[in-house]
Amino acid sequence: MDDASVPAVAVSQPRRRTRDRRGRGMRGPGISPARPGSPELRTARQRFDDLALGIVTAVDARWQDKLGLVEYAVEDAPQIPDDWDSGTVPLSSLIRGTGATPTRLVLFRRPIEHRCETRADLEAMVLTVVVEQIAELLGIEADQVDPRYEGDA
């Protein structure tokens, strides 16, 4: 048989896989942690806690002499009673202290995050919530509490 009568068959090269076989992307972390067993990247909760701590520390340092003992906390979401009539979810809770019980200011992380699109929005929202609660506690206008406060943020 001569070579002219034999049809040419295309030989395909095996495709190089750039993703996993079902196309869902990489399965493991993109970087390996410096210490095994601890994540290299901070979680959203840790980033929010750091942001809130920075803002609360700055405001509290400025008003510590008038505030007295205040406990600050961050919770994921408020516990809303079944008979809640309001169409909005609270962003924070302020419980005034009595006697030996300190005042407690709680920020609710998830409702605050849901109202923000960017990191700058989140910083502005946390600052607004903290400043307004401190102003309520002190009985003064919110713009007196912190110079960064913008009323209609």
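A few points on the structure.

The rules behind the values
Within every chain, residues take consecutive numbers counted from 1 along the sequence as written. At least 70 in pLDDT is required for a residue's local features to be given in this predicted model, at least 80 for side-chain atom pairs to be given and counted, and no such filter applies to totals for whole chains, interfaces and linings, which use all residues. Working from all heavy atoms in the structure, the side-chain values ignore hydrogens and water. Whenever a carboxyl oxygen of Asp or Glu lies within 4 Å of a side-chain nitrogen of Lys or Arg, that contact is scored as a salt bridge. Helix numbering and strand numbering both begin at the N terminus, where a helix is a DSSP run of H or I of at least 4 residues and a strand a DSSP run of E of at least 2. Among buried residues, those of type Ala, Val, Leu, Ile, Met, Phe, Trp, Tyr and Cys that are joined through side-chain atoms within 4.5 Å constitute a nonpolar core. Note on exposure labels: buried denotes an accessible area under 20% of the residue type's maximum, exposed denotes more than 50%, and partly exposed covers the range between, all computed with a 1.4 Å probe on protein chains only. Whether two residues are in contact is decided by their heavy atoms, any of which lying within 4.5 Å being enough.

Per the counting criterion, the structure on display carries eight salt bridges. A salt bridge links Arg 96 to Glu 136, with the shortest nitrogen-to-oxygen separation between them at 3.9 Å. Of this pair, Arg 96 sits in the loop between β2 (92-95) and β3 (103-108) while Glu 136 sits in helix α3 (residues 119-138); the two residues are 40 residues apart in sequence, bridging distant segments of the chain. Put simply, Arg 45, Asp 76, Arg 109, Arg 110 and Glu 113 are held in one network by salt bridges that share partners.

Before going further, it helps to spend a moment on the nonpolar core. Counting 27 residues, the largest nonpolar core has Ile 112, Val 126 and Val 130 as its most contacted members. Elements represented by at least two residues in this core include exactly α1 (44-67), β3, α3 and α4 (142-145). Looking at this core, the element that brings in the most residues is α3, giving ten residues. Excluding residues that lie within four positions of it along the chain, Ile 112 makes contacts with Phe 48, Leu 91, Leu 107, Leu 122, Met 125 and Val 126.

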